[in-house]
Amino acid sequence: MSKSIETKAADNIRILAASMVEKAKSGHPGGAMGGADFINILYSEFLNYDPSDMGWINRDRFFLDPGHMSPMLYGVLSLAGKYSMDDLANFRQWGSVTPGHPEVDIKRGVENTSGPLGQGHTIAIGAAVAERFLVERFGNWMEHKIYTFISDGGVQEEISQGAGRIAGFLGLSNLIMFYDSNDIQLSTSTKDVTKEDTAKKYEAWGWKVVTIEGNNSDQIREALQNANAETEKPTLIIGKTIMGKGAVTDAGESYEGMCETHGMPLTNAGASFAKSVTNLGGDAENPFQIFDDVKELYAKREAKLIAAAVVKKSEQAKWESANSELAKKLEKFFSKESPEFDFSSIQQKENNATRGASATVLAAFAENIENMIVASADLSNSDKTDGFLKKTTAFTKGDFSGAFLQAGVSELTMACMANGMALHGGVIPACATFFVFSDYMKPAMRMSALMGLPVKYIWTHDAFRVGEDGPTHQPVEQEAQIRLMEKLKNHKGENSALVLRPADANETTVAWKMALENTTTPSALILSRQNITNLPVEGDVYAAALRAEKGAYIVQECDGTPDVVLLASGSEVATLVEGAALLEEKDNLKIQIVSVPSEGVFRNQTKEYQASVLPTGVPRFGMTAGLPVNLEGLVGENGKVWGMESFGYSAPYTVLDEKFGFTAKNVYDQVKKMLA
């Protein structure tokens, strides 16, 4: 009996997936072979995009969660004409466009970098929020669907709890997720690690759930049709698929459903690669081929997609003609340019906490930057993102007229959703929590850095001065960890992140300026809970603070060559100012004080500028509320850093300052000791 074209196309993807892994001698063929039926129906019948304009803003998006199933994605995209057979044959090789886990490549149809399980589908939920936000502002003509694909591992990762809860709560009916439920994991069967009823779990969160045979094209088609018609809830399609579908042994016996095919080439897993390819209708001697009738199927789909896109773009053109001002705004939103904003107009309260200064800036953003979305992990009144929230409203089911996401206590989920918003485009995402809980967010920030996404991370309560809350809430090692991202280069050779710890309220304004204008990498603002005395400035405080744009600058100069340079970031700079006054008064020392909000930016300045800020041959003393390593690279081997080398304790922050030596007197004592 001849195969249906749907089965033949899916088998073609299976052959290509198995062949990629076999040739590379590395990879994961089994899941890709099992998911081939769904991905074929999605791409050949449902996913709307413009093959001639892959960056079209009104396209449907498909986000892959299990990045190890990249052979499936590359396979279907090769049928769609976005990868050549040579590209597939170079899977996982140096310089290839087919890395082991997909890396965002919009021109070829790869919407997200994926690999860390759970993040991919959470990115999709963020993109779905962005779509709802934009439709609310520009009209239903912008409506499109967000599809995502999840595996057992993604369901088990704890992030799925937050992602599922938020998507259901917000009623994201534009979101359709396929769960590739094949009962097999990398090292075991799923029954050995879980017995949960996944369908009931998602139903409890407010999802529409349907369970189908995941290798049955008719059931896949019907499920997708119903999901596209849903108007109240996100849809989860649980597809009971077969791991390694089509795999056979040398004897021709079925080798489907075997755990071994999850994470190694078929040959290594105990199957026969050649017999499996033959079983699926391919040529084992030349497996990198697209069947002629499958080529025809996808060619017809391409023509249909281009024609449909022409119609939708004509609708957009009519809308633009009738709404010229809105059209200009939409173009600006998607331009990837920094929005225009007059930071010199910000009036900061004297001697304010930098979290409070951030709130002042955010309040102005809420009234002037119309495509910013701010999120907080149940801390808006403490991380002071309520400065933004007070000027807008939080998202609720059916109402995305505001611009704030109350994410609940789910820092990693929130950060991954922010990545999804940035990937979707058209919006500027920012997300906030306490700095100590950046520990929950680092996997997402790493992905922001890898993908070059301009997400704004707002981290408050930056040091042990959280005080009475004790060591669980007092960051010590966190700054060192985040600043490593400044040292790490992305694939474009840039600092992979911009990390800023401003020294006072006015530096906070400039820090936000730097973050907003950074459109190519993530930015992190590390902000104080307690009030900070403003740095000594004569004249225009904003103009003086603009010097922070060089990453480090001289706060206080002296006549001639200084006897010692004092340097710090954040609230410790004000402590150095007080300590310098004692050194000058008691010992007549010449002091140069330096604020270093971003070592990464400072290291990018000219050698001449760096030498003017940190002159060679002059002793340097650094102070940091984090680990000494934060400043050791700047202080050098002949200097000294006073920092934290233990966890904190529960006490008022003023007491902790005394106990830990973050006082003017200790600055005086330590500098004297160093110079002696």
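Before any of the text, the structure's been laid out above.
Reading guide: rules and limits
Residues numbered from 1 in each chain as written. Predicted model: local features only at pLDDT ≥ 70, side-chain atom pairs only at ≥ 80, totals over all residues. Heavy atoms only, no water. Helix = DSSP H or I, 4+ residues; strand = E, 2+ residues; numbered from the N terminus. Rg over C-alpha atoms; globule rule 2.2 N^0.38 Å. Buried < 20%, exposed > 50% of the residue type's maximum accessible area, 1.4 Å probe, protein only. Contact = heavy atoms within 4.5 Å. Areas by Shrake-Rupley, 256 points an atom, 1.4 Å probe, with all protein chains shown as cover. Lys, Arg positive; Asp, Glu negative; His and termini not counted. Charge placed at Lys NZ, Arg CZ, Asp CG, Glu CD. 1 Å grid on protein atoms, 1.4 Å probe; cavity = no way out; pocket = protein on both sides within 12 Å on 5 of 7 lines; lining within 4 Å. Points joined across faces, edges and corners; volume = space filled by probe spheres on them. Nonpolar A, V, L, I, M, F, W, Y, C, P; charged D, E, K, R; others polar. Core = buried A, V, L, I, M, F, W, Y, C linked by side-chain atoms within 4.5 Å. Pairing = 2+ DSSP bridges. Axes fitted to C-alpha atoms, helices over the stretch in contact; angles between N-to-C directions. Salt bridge = Lys/Arg side-chain N within 4 Å of Asp/Glu carboxyl O. Right-handed = clockwise from strand over helix to strand, strands pointing away. Arc of directions from axis to C-beta. Parallel < 35°, antiparallel > 145°, perpendicular 65-115°, else oblique. Left-handed = near helix turned anticlockwise from the far one by under 90°. Phe/Tyr/Trp six-rings, centres within 6.5 Å; stacked < 30°, edge-to-face > 60°. Lys NZ or Arg CZ within 6 Å of the ring centre and 35° of its normal. Expected span 1.5 Å × (residues − 1). Polar contact = N/O pair within 3.5 Å; in protein donor to acceptor, adjacent residues only side chain to side chain.

Chemist: Kindly report on the overall build of the protein chain, identifying the contributing residues and their values.
Modeler: Of the regular secondary structure elements, the protein chain holds 27 helices and 16 strands. Since a compact globule built from 676 residues should have a radius of gyration of about 26 Å, the 28 Å found for the protein chain is in line with a globular shape. Taken along the three principal axes of its C-alpha coordinates, the protein chain extends 100 × 60 × 45 Å. Residues counted as buried form 61% of the 676 residues belonging to the protein chain. Put simply, 77% of the contacts in the protein chain that link residues at least 6 apart link residues at least 24 apart. With an accessible surface of roughly 26,100 Å², the protein chain has 49% of that area assigned to carbon and sulfur atoms. Positive and negative side-chain charges in the protein chain, numbering 65 and 86 respectively, have mean positions lying 1 Å apart.

Chemist: If you had to explain empty space enclosed by the protein to someone new, which residues and values would you point to?
Modeler: One water molecule sets the probe size; rolling that probe over the atoms shows where empty space is left. Summed over all chains, the structure comprises four cavities of 30 Å³ or more. Looking at the largest cavity, its volume works out to about 90 Å³. Taken together, Tyr 43, Leu 47, Tyr 49, Met 54, Arg 59, Asp 60, Arg 61, Phe 62, Leu 77, Ile 106, Gly 109 and Glu 111 form the lining of the largest cavity. Within the lining of the largest cavity, the residues separate by chemical class into seven nonpolar, one polar and four charged.

Chemist: Mind laying out the layout of surface pockets, listing which residues take part and the relevant values?
Modeler: The volume enclosed by the second largest pocket comes to roughly 260 Å³. Around the second largest pocket, the lining comprises 15 residues; the ones closest to its centre are Ser 571, Ala 574, Thr 575, Glu 578 and Asp 657.

Chemist: If you had to explain the nonpolar core to someone new, which residues and values would you point to?
Modeler: The nonpolar side chains of soluble globular proteins are, as a tendency, buried together. In terms of nonpolar packing, the biggest core is built from 150 residues, with Phe 365, Tyr 457 and Leu 566 touching the most fellow members. At 11 residues, the largest contribution of residues to this core is made by helix α6 (residues 119-138). Tyr 457 has contacts with Ala 415, Asn 419, Cys 431, Met 441, Ala 444, Met 445, Ser 448, Pro 522, Ser 523, Ala 524 and Leu 525, leaving out every residue within four places of it along the chain. Ranked by size, the runner-up nonpolar core spans 61 residues in total, among them Met 72, Ala 89, Tyr 255 and Phe 273.

Chemist: Can you explain the sheet that holds strand β10 (residues 498-500)? Please cite residues and give values.
Modeler: Strand order in the open sheet formed by six strands is β7-β6-β8-β9-β11-β10, with parallel pairing between adjacent strands. Among the strands making up the open sheet, the edge pair consists of β7 (404-406) and β10. Within this sheet the neighbouring strands show an average axis-to-axis angle of 15°, counted without direction. Strand contacts of helix α20 (residues 505-517): β6 (372-376), β8 (428-434), β9 (456-460), β10 and β11 (523-526), with the helix running at about 170° to β10, the strand carrying the most contacts.

Chemist: Any details on the pattern of salt bridges? Residues and values, ideally.
Modeler: Two side chains with opposite charge may pair up if their charged atoms get near one another. Summed over all chains, the structure comprises 37 salt bridges. With a shortest N-O distance of 3.0 Å, Asp 218 and Arg 221 are connected by a salt bridge. A residue pair is termed a helical-turn pair when its members lie 3 or 4 positions apart in one helix, as Asp 218 and Arg 221 do in helix α10 (residues 217-229) at three residues. Classification of Arg 221 as buried rests on a relative accessible area of 16%.

Chemist: Explain the pairing of strand β15 (residues 620-623) residue by residue, including any values.
Modeler: A two-sided burial pattern is seen for β15, the buried positions comprising Arg 620 and Gly 622 on one face and Phe 621 and Met 623 on the other. Bridge analysis of strand β13 (residues 564-568) against β15 gives four bridges, and the strand direction is parallel. Paired with Val 565 across the strands is Arg 620, a residue of β15. Inspection of the sheet shows β15 paired to strand β16 (residues 640-642) by three bridges, in the parallel sense. Bridged to Gly 622 within β16 is Val 641. Note that the unit made of β15, helix α25 (residues 629-635) and β16 has a crossover that is right-handed.

Chemist: Hey, could you go over the environment of Met 414 for me, with residue numbers and the actual values?
Modeler: Secondary-structure assignment places Met 414 in helix α17 (residues 411-424). Residue class for Met 414 comes out buried when judged on its relative accessible area of 1%. Remark: the alpha-carbon pair of Met 414 and Ile 526, spanning 112 residues in sequence, is separated by 18 Å. Setting aside residues no more than four positions away along its own chain, Met 414 makes contact with Ala 375, Ser 376, Ala 377, Ala 407, Cys 431, Ala 432 and Met 441.

Chemist: Can you lay out helix α26 (residues 653-660) for me, pointing to particular residues and giving the numbers?
Modeler: Helical geometry note: an α-helix holds 3.6 residues per turn, so side chains three or four residues apart project in the same direction. Residues of α26 that are buried include every one of Leu 656, Asp 657 and Phe 660, and no others. Looking straight down α26, one finds that the buried residues subtend no more than 105° of arc, so they occupy a single side. Turned more than 90 degrees off the buried face of α26, the exposed positions are Glu 658 and Lys 659. Each element contacted by the buried residues of α26 is listed here: β16.

Chemist: So what about the packing of helix α15 (residues 354-368) against α20? Which residues, and what values?
Modeler: As a packed pair, α15 and α20 sit with axes 8 Å apart at the nearest point and diverge in direction by 50°. On the basis of the axis angle, α15 is oblique to α20. You can see that α15 and α20 cross each other, and the crossing is right-handed. The residues of α20 that touch α15, namely those facing Thr 354, Ala 357, Ser 358, Val 361, Leu 362 and Phe 365, are Ala 505, Thr 508, Thr 509, Trp 512 and Leu 516. Looking at the contact of α15 with α20 residue by residue, the classes come out as seven nonpolar, four polar and no charged.

Chemist: Help me get a handle on the sheet that holds strand β2 (residues 146-151), residues and values and all.
Modeler: Across a sheet, strands are paired by hydrogen bonds formed along the backbone, either parallel or antiparallel in direction. An order of β1-β2-β3-β5-β4 is seen for the five strands of this open sheet, with the pairing classed as parallel. Because the sheet does not close on itself, it has two edges, and the strands there are β1 (61-64) and β4 (208-213). This sheet shows a mean twist of 20° between the axes of neighbouring strands, independent of strand direction. In terms of strand pairing, β4 meets strand β5 (residues 235-240) through six bridges, oriented parallel. Within the sheet, the bridge partner assigned to Lys 208 lies in β5 and is Thr 235. Strand contacts of α6: β1, β2 and β3 (175-181), with the helix running at about 160° to β2, the strand carrying the most contacts. Strands in contact with α10 are β2, β3, β4 and β5; relative to β4, the strand with the most contacts, it is inclined by about 170°.

Chemist: Explain the packing of aromatic side chains to me, using residue names and the numbers behind them.
Modeler: Ring pairs (aromatic) are described by centroid distance and by the angle formed between their planes. Per the stated rule, a full pass over the model turns up 26 aromatic pairs. When the centroid spacing of 6.5 Å and the interplanar angle of 65° are considered together, the rings of Tyr 43 and Tyr 49 count as edge-to-face. With respect to burial, Tyr 43 and Tyr 49 carry one shared label: buried. With a centroid separation of 4.8 Å and an interplanar angle of 40°, the aromatic rings of Trp 141 and Trp 319 are classed as tilted. You can see Trp 141 sitting in the loop between α6 and β2 and its partner Trp 319 sitting in helix α13 (residues 292-322), a full 178 residues away along the chain. Judged by relative accessible area, Trp 319 falls into the buried class, the value being 12%. Cluster of aromatic residues (ring-pair linked, three or more members): Phe 138, Trp 141, Trp 319 and Phe 333. Just above the ring of Tyr 609 sits the side chain of Lys 550; from NZ or CZ to the centre is 5.1 Å.

Chemist: How would you explain α10 if you had to name every residue and give the values?
Modeler: Taking 1.5 Å of rise per residue, the 13 residues of α10 would be expected to cover 18 Å, and the 18 Å separating its terminal C-alpha atoms lies within 8% of that figure. For α10, the full list of buried residues reads Ser 217, Ile 220, Arg 221, Ala 223, Leu 224 and Ala 227. The arc that holds every buried residue of α10, seen down its axis, measures 165°, which confines them to one face. In α10, the exposed positions that point more than 90 degrees away from the buried face belong to Asp 218 and Ala 229. Contact partners of the buried residues in α10: α1 (5-24), α3 (36-46), β2, β3, β4 and β5. Where α10 begins, the capping side chain belongs to Asn 216, and its oxygen is found 3.0 Å from the backbone nitrogen of Asp 218.

It is worth stressing that arrangement in space is one thing and function is another; only the former is reported here.
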